[in-house]
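# Descriptive structure summary
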Number of protein chains: 2
Amino acid sequence: MSLNYSKVKHMKTYDPLGIDPELVQKLVYDALVWSSLHGLLVGDRNVQRSGKIPGMGMVHAPVALLPMSFPEHYWRQACELAPIFSELIDRVSLDGKFLQDALFRTKKVDDSTSRLLDIHSKMLKINKEEEIRLGLHRSDYMLDEQTKLLLQIELNTISSSFAGLGCLVSELHRAVVMVVIQTEEHNMYDQHWLSSTLKDTYPFQFTHNVTTIRKTLAEIDAEGQLLPDGTLTVGGQTVAVVYFRAGYAPTDYPSESEWRSRLLMEQSSAVVPINCLPFSRHQEDSARAGEAKCASEVIVHLFLENKEDIAKLRKCFAGLWSLDDSNIINDAIERPQLYVMKPQRGGGNDIYGDDVRETLQRLKKEGTEEDAAYIHMQWIFPTVSPTFLMQDGICHQDRSISELGIYSAYLRNRENVIINEHSGYLMRTKVASSNEGGAAGFAVLDSIYLT
Amino acid sequence: MSLNYSKVKHMKTYDPLGIDPELVQKLVYDALVWSSLHGLLVGDRNVQRSGKIPGMGMVHAPVALLPMSFPEHYWRQACELAPIFSELIDRVSLDGKFLQDALFRTKKVDDSTSRLLDIHSKMLKINKEEEIRLGLHRSDYMLDEQTKLLLQIELNTISSSFAGLGCLVSELHRAVVMVVIQTEEHNMYDQHWLSSTLKDTYPFQFTHNVTTIRKTLAEIDAEGQLLPDGTLTVGGQTVAVVYFRAGYAPTDYPSESEWRSRLLMEQSSAVVPINCLPFSRHQEDSARAGEAKCASEVIVHLFLENKEDIAKLRKCFAGLWSLDDSNIINDAIERPQLYVMKPQRGGGNDIYGDDVRETLQRLKKEGTEEDAAYIHMQWIFPTVSPTFLMQDGICHQDRSISELGIYSAYLRNRENVIINEHSGYLMRTKVASSNEGGAAGFAVLDSIYLT
């Protein structure tokens, strides 16, 4: 075997896990085999066509060999938050005025936020408040060692747009689920697993018999049609549910075609799409900015009545602020090591330490609105654990942190909430940054557990 | 999609299957996804480390998109033959004198046959006739269009060597199955599926809990030990069953180490390994030579008593002769188009048409024993069907033939045959040669059905 066993063996002297290198070697091999046999794969970017054709140039997905412990208490807390967030998103997304106000400054410096707000306005004019609404979300958390709090990292609206929901409810077997995909998609195999599960009986004992189609935004623009009753058809097929695996990043909208496509999906059907912009992950950083700006304000604006619910949300928002708050800015200038500044636009690097102080002082002095382009976060110190990470067939030991994602499903009609519950979780292992913790500095090694 | 759909579309004018190109396109995509999610993979030789580490540089296994029909009548016939062959192999393998005589001329021109016969002699001296014997075989057939006969192509002794069978029977859960592997193995994923099935409950509802180890011949030589009671241990683990995925070809024995390893396995345990050389696929061509030479002779020598059984075997041996038979030689010189000559040693090409006549005339004239190096086969004309074949993500239509393999399991103790039955089948699609049929001319596209 040419696995990097020599490296594993060298770890013996400093391996805090104290695991026999021979056993690690066996774990490595078994994990690679398991991934190969069960579709835990990604396309290798070095292999031509691997992102366009399934079955070509595959490599195992990055995985962590050992699970990290995560206190059940916090997992329960995250589950409890799920229905509250779903309700909040439903309500916030219907308040166009609030959204426009909350994102007023961001809109001025961020073109894609501006376009999404425009789409949102158009949708609200259709007055869909009375209709059936459905939402699938995932809220991500980390456990902060300093405060011992479970802090929200971001809220992902996985499938915020629901076209033809009437058809979903009454005759889903005729309609299809549409996955919005990248032109080139190396991370396609988990998508196919989902499609396969929706379609097949194997390995499950029940049959959904739901068909999936896969379309890029440009293809949806070319093939999509909005029928008079609001039904969305793409390539002649009625679409019941749209699952966004592309369309989050501004780079996914290189031309007007993609924006038309987005508008078409959002406007489609008699069902109001739940598109709560501030909580959407259109871009990881702007999402956080949105959350930060909205988190407290949302509650101030009393979208929720239940005081217990409000207190629960506040708790997991700890340490998120926009640069509107002068108290926080002054504190960060004094104690920059406790903060991180994240630019809203992609491409820029996060700002740490003394650079936080300098940047804030410069922004303050200039008095421009450039500060709207940043979000300000408390430095999170998640629990760091040693683990073995596998990537490209090579095992290395590293310091890692865990990110917990809780899925939620929400469905209501005009009168009643029919479903509002947490519906599964995702625990991801990420490499801890060289900056000793912090929510910002993780390498993108999106490992998952083998359990 | 950049699949070769343009090519598929061009087929429309001459597609004898008359399948809508859009449907073919969908079949192509679904087949690629299915292969990816279910481990129907091989290592891509163009990707470094792909043959050494699982999970690296994978590509879907070549597959045929459509099944060819195969008459059930012939399938039943092949199943009926399975236990007769198993019994025959058991008996022939115990008759050292017959084997030495039958392969006397081959031995002189083929070093690896010679070495295997030597090993066989040593084994027989241990006098294991009275012991428990077990065999797993696969007999391959094609349906000949001219004669309407099911003809045997070859008989594979999949796992002919059984070490520590006492332990297999009484306490298999403590012992392991050892897979003999190539140093570099690109076709490893079906092996892992088997190991996974032996170990896991998933996706099956019962547990075998049998552990598999994987060793090259050289590793077995280095780590193997024969205990006084005949038990084989490799790396300290007791081996119950040896599954040969390497060791068939003379090239698998580059040094004395590999031969020592083979001898060790064959000699191990109190159980006589069922190693019936003439039926072993040590090398595809020599195997056929062995069969050819033995096929009729075996029966002449009356290894079987039952006349019905003898008649059944004879029927599927049609058209296999060694060059000992002067009548056949004379017929082939007159009608060379009905024959193919296959050299016993690798590297040579099969001989067709007028070359058959010329070669036979030369051999006759020279009067050397070089003719022992050839086997002489009736040209088989299997049913040719059009199909869609997938390789490296590209779909192409081709003319194909089917090869049916019937597995069989055989177990007996000193008094009784405990198991002797067919146990599954394998239907493979192969590309028909440009020479219009024939058992010899298939490209190595070892496709399997998706059903």
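Residues numbered from 1 in each chain as written. Chains lettered and ligands numbered in written order. Predicted model: local features only at pLDDT ≥ 70, side-chain atom pairs only at ≥ 80, totals over all residues. Heavy atoms only, no water.

Test applied: UniProt positions are given in the numbering used here, feature names are shortened, and annotations may be inferred rather than shown by experiment.
Chain A goes by Glutathione synthetase in an unreviewed UniProt entry, where it is assigned to Dillenia turbinata. Under Sequence similarities (unreviewed entry), UniProt gives the following word-for-word description of chain A: "Belongs to the eukaryotic GSH synthase family." Taken from UniProt, the Pathway (unreviewed entry) comment for chain A reads in full: "Sulfur metabolism; glutathione biosynthesis; glutathione from L-cysteine and L-glutamate: step 2/2."

### Let's talk about the UniProt feature "binding site: ATP" (unreviewed entry) in chain A
For clarity, the cut-off: Think of it this way: any DSSP run of H or I at least four residues long counts as a helix, any run of E at least two long counts as a strand, and we number them from the N terminus.
Mapped onto the present numbering, the UniProt feature "binding site: ATP" (unreviewed entry) falls at Glu154, Tyr352, Met377, Gln378, Trp379, Ile380, Glu403, Lys430 and Glu436 of chain A. Locating Tyr352 of chain A in the fold gives a position in strand β13 (residues 351–352).

### So, the packing of aromatic side chains
This is how the line gets drawn: For this analysis, a ring pair means two rings from Phe, Tyr or Trp (six-membered ring only for Trp) whose centres lie within 6.5 Å, classed as stacked if their planes differ by under 30 degrees, edge-to-face if by over 60, and tilted for the remaining angles. Exposure categories follow from relative accessible area, calculated using a 1.4 Å probe and restricted to protein chains: below 20% of the type maximum is buried, above 50% is exposed, and the middle band is partly exposed.
Counted under the stated rule, the structure contains four aromatic pairs over all chains. Ring centres 4.2 Å apart and planes at 20° place the aromatic pair Tyr253 of chain A and Trp259 of chain A in the stacked group. For the residue pair Tyr253 of chain A and Trp259 of chain A, the accessibility class agrees, reading buried in each case. For the pair Trp75 of chain B and Tyr425 of chain B, a centre-to-centre distance of 5.9 Å together with 80° between the ring planes defines the contact as edge-to-face. Of this pair, Trp75 of chain B sits in helix α3 (residues 72–94) while Tyr425 of chain B is found in strand β17 (residues 417–431), placing the two residues 350 residues apart along the sequence.

### Remarks on the packing of helix α13 (residues 326–334) of chain B against helix α14 (residues 353–366) of chain B
Residues and elements named next belong to chain B. Using the following cut-off: Interaxial angles span 0 to 180 degrees and are taken between N-to-C directions of axes, which are lines fitted to C-alpha atoms, for helices over the stretch in contact. An angle counts as roughly parallel when it lies under 35 degrees, as roughly antiparallel when it exceeds 145, as roughly perpendicular when it falls between 65 and 115, and as oblique in every other case. Left-handed is the label given to a crossing in which the near helix is rotated counterclockwise from the far helix by less than a right angle, and right-handed is the label when the rotation is clockwise. Contacts: residue pairs with any heavy atoms within 4.5 Å of one another. All residues other than Ala, Val, Leu, Ile, Met, Phe, Trp, Tyr, Cys, Pro, Asp, Glu, Lys and Arg, Gly among them, are scored as polar; the first ten of these are nonpolar and the last four charged.
Two elements in contact, α13 and α14, have axes whose closest approach is 8 Å; the angle formed by their N-to-C orientations is 135°. Taken together, the axes of α13 and α14 are oblique relative to one another. Along this stretch, α13 crosses α14, giving a crossing that reads as left-handed. Contact residues: α13 offers Ile329, Asn330, Ala332, Ile333 and Glu334, while α14 offers Val356, Arg357, Leu360, Gln361 and Lys364. Counted by class, the contact of α13 with α14 contains five nonpolar, two polar and three charged residues.

### Regarding the sheet that holds strand β6 (residues 176–181) of chain A
Pairing between sheet strands relies on hydrogen bonds along the backbone, with the strands arranged either parallel or antiparallel. Residues and elements named next belong to chain A. For clarity, the threshold we go by: At least two DSSP bridges between two strands are required for those strands to pair.
Pairing is mixed across the open sheet formed by five strands, whose spatial order is β7-β6-β10-β9-β8. Among the strands making up the open sheet, the edge pair consists of β7 (211–216) and β8 (224–226). In this sheet, neighbouring strand axes are inclined to one another by 45° on average, regardless of whether the strands run parallel or antiparallel. Inspection of the sheet shows β8 paired to strand β9 (residues 232–234) by three bridges, in the antiparallel sense. Among the inter-strand pairings, Leu226 is bridged to a residue of β9, identified as Leu232. Contacts from helix α10 (residues 256–267) reach β6, β8, β9 and β10 (237–244) within the one sheet, and its direction differs from that of β8 by about 40°.

### Examining the packing of α3 of chain B against helix α12 (residues 307–316) of chain B
Residue and element names in this part refer to chain B. The contact between α3 and α12 brings their axes to 10 Å, and the two run at 100°. As judged from the angle between their axes, α3 and α12 are roughly perpendicular. Across the interface between the two elements, Glu80, Leu81, Ile84, Phe85 and Leu88 of α3 pack against Asp309, Lys312, Leu313 and Cys316 of α12. Grouping the amino acids of the contact of α3 with α12 by side-chain chemistry returns six nonpolar, no polar and three charged.

### Structural notes on the pairing of strand β7 (residues 211–215) of chain B
Residues and elements named next belong to chain B. The element β7 is extensively covered by neighbouring structure, given that four of its five residues are classed as buried. For strand β6 (residues 176–180) and β7, the ladder comprises five bridges, and the chain directions are parallel. Looking across to β7, one finds that Val180 is bridged to Lys215.

### Examining the pattern of salt bridges
Note the threshold: When a carboxyl oxygen of Asp or Glu is within 4 Å of a side-chain nitrogen of Lys or Arg, the pair counts as a salt bridge.
Scanning the model with the defined rule gives 38 salt bridges over all chains in all. When the shortest N-O distance is used, the salt bridge between Asp221 of chain B and Arg260 of chain B registers 2.9 Å. Of the two residues, Asp221 of chain B sits in helix α9 (residues 217–223) while Arg260 of chain B sits in helix α10 (residues 256–267), which places them 39 residues apart along the sequence. One connected set of salt bridges, linked through shared partners, spans Arg138, Asp140, Glu403, Arg428 and Lys430 of chain A.

### Regarding the UniProt feature "binding site: Mg(2+)" (unreviewed entry) in chain A
Residue and element names in this part refer to chain A. The sites that UniProt annotates as "binding site: Mg(2+)" (unreviewed entry) are Glu154 and Asn156. Within the secondary structure, Glu154 sits in strand β5 (residues 149–159). Take Glu154: its relative accessible area is 3%, and that puts it in the buried class. Looking at where Asn156 falls in the secondary structure, it is placed in strand β5. A relative accessible area of 3% means that Asn156 is categorised as buried.

### Some remarks on the sheet that holds strand β8 (residues 224–226) of chain B
Residue and element names in this part refer to chain B. On the basis of which strands lie adjacent, the open sheet formed by five strands has the order β7-β6-β10-β9-β8 and mixed pairing. Each having just a single partner strand, β7 and β8 make up the two edges of the open sheet. Geometrically, the sheet is characterised by an average inter-axis angle of 45° between neighbouring strands, direction not taken into account. Strands in contact with helix α8 (residues 189–199) are β6, β7 and β10 (237–244); relative to β7, the strand with the most contacts, it is inclined by about 150°.

### Describing α10 of chain A
Which entries qualify depends on this criterion: One less than the residue count of a helix, multiplied by 1.5 Å, gives the span that helix is expected to have.
An ideal rise of 1.5 Å per residue puts 16 Å on twelve residues; α10 of chain A measures up with 16 Å between its terminal C-alpha atoms. Counting buried positions over the twelve residues of α10 of chain A gives nine, a clear majority of the element.

### Some thoughts on the relation of the copies chain B and chain A
To keep things clear, this is the line we draw: Only residues with pLDDT of at least 70 in both copies count here: their C-alpha atoms drive the least-squares fit that superposes the copies.
Its rotation angle being 180°, the transformation that places chain B on chain A also includes 0.0 Å of axial translation and leaves an RMSD of 0.0 Å. Overall, the copies show the geometry of a two-fold rotation axis. Proximity to the rotation axis, assessed at the C-alpha, singles out Met58 of chain B in chain B; its C-alpha lies 2.4 Å from the axis.

### What about the interface of chain B and chain A?
The following threshold applies: Two parts lose some accessible area (1.4 Å probe) when they are put together, and adding that loss for both gives the buried area. What qualifies as a polar contact is a pair of N or O atoms within 3.5 Å, subject to a donor-acceptor requirement within protein and to the restriction that residues adjacent in sequence count only when both atoms come from side chains.
Listed as interface residues are 31 residues of chain B and, on the opposing side, 31 residues of chain A. Where chain B abuts chain A, roughly 2900 Å² becomes buried across the two surfaces, and 64% of that area is made up of carbon and sulfur atoms. Summed over the shared surface of chain B and chain A, the number is zero salt bridges. For the pair chain B and chain A, the interface holds 13 residue pairs in polar contact (both at pLDDT 80 or more). Taken together, the elements giving at least two residues each to the side of chain B that touches chain A come down to α2 (21–37), β2 (58–60) and α8 of chain B. The dominant element in the side of chain B that touches chain A, judged by the number of residues it contributes, is α2 of chain B, at five residues. In the side of chain B that touches chain A, the residues fall into 17 nonpolar, ten polar and four charged.

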